[in-house]
Amino acid sequence: MASKLKKTFNRIIVFILSLPFAIPLLSPIILLYFIYLSTSPEGRLKLKRYYALFLYLSGLVMGCFSRNNPIKRAKSRSALWQECKNYWNGTD
């Protein structure tokens, strides 16, 4: 039941973020959430994990645009697509 709820919640987030102007409109709420998380040790650990995930996904996106290394580009696209599918399905 928990995985089904997580899958539904992930799909709702993806839908909301795909709407036009969703990210600029939600950025103050996200900023407040990050400030709230920074007030506790557990929240700072969660922020550190968010930051590590952001860096990992940014590296994959940058790897997708690598013109000099087609093998790296293919691996980055494959890994990024797998991450998207895992998020959509609610798995880690």
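Residues numbered from 1 in each chain as written. Predicted model: local features only at pLDDT ≥ 70, side-chain atom pairs only at ≥ 80, totals over all residues. Heavy atoms only, no water.

Here we take up the packing of aromatic side chains. This structure, assessed with the given rule, holds two aromatic pairs. Centre to centre, the rings of Tyr33 and Phe34 are 6.3 Å apart; their planes meet at 40°, and the pair counts as tilted. Judged by relative accessible area, which is 35%, Phe34 ranks as partly exposed. (Phe/Tyr/Trp six-rings, centres within 6.5 Å; stacked < 30°, edge-to-face > 60°. Buried < 20%, exposed > 50% of the residue type's maximum accessible area, 1.4 Å probe, protein only.)

To continue, consider the packing of helix 2 (residues 22-37) against helix 3 (residues 41-64). Look at helix 2 against helix 3: their axes get within 7 Å of each other, and the N-to-C directions meet at 130°. With respect to helix 3, the axis of helix 2 lies oblique. Across the interface between the two elements, Tyr33, Phe34 and Leu37 of helix 2 pack against Gly43, Arg44, Lys46, Leu47 and Tyr50 of helix 3. Counted by class, the contact of helix 2 with helix 3 contains five nonpolar, one polar and two charged residues. (Axes fitted to C-alpha atoms, helices over the stretch in contact; angles between N-to-C directions. Helix = DSSP H or I, 4+ residues; strand = E, 2+ residues; numbered from the N terminus. Parallel < 35°, antiparallel > 145°, perpendicular 65-115°, else oblique. Contact = heavy atoms within 4.5 Å. Nonpolar A, V, L, I, M, F, W, Y, C, P; charged D, E, K, R; others polar.)

Turning to the confidence of the model for the protein chain, a few remarks are in order. When pLDDT is averaged along the protein chain, the result is 88; 98% of the residues meet or exceed 70. The least confident element of the protein chain is helix 1 (residues 2-18), whose mean pLDDT is 81; the most confident is helix 3, at 92. (pLDDT = per-residue confidence, 0-100.)

Looking now at the environment of Ser66. As for its placement among the helices and strands, Ser66 is situated in the loop between helix 3 and helix 4 (70-89). Ser66 gets classed as buried once you look at its relative accessible area, which sits at 16%. Not counting chain neighbours up to four residues away, the residues in contact with Ser66 comprise Lys72 and Arg73.

Packing of helix 3 against helix 4 brings their axes to within 7 Å, and their N-to-C directions diverge by 135°. Considered as vectors, helix 3 and helix 4 are oriented oblique to each other. Crossing angle aside, the handedness with which helix 3 passes helix 4 is left-handed. Of the residues in helix 4, those in contact with Tyr56, Leu57, Leu60, Val61, Gly63 and Cys64 of helix 3 are Lys72, Arg73, Ser76, Arg77, Ala79, Leu80 and Glu83. Tallied by class, the residues present in the contact of helix 3 with helix 4 amount to seven nonpolar, two polar and four charged. (Left-handed = near helix turned anticlockwise from the far one by under 90°.)

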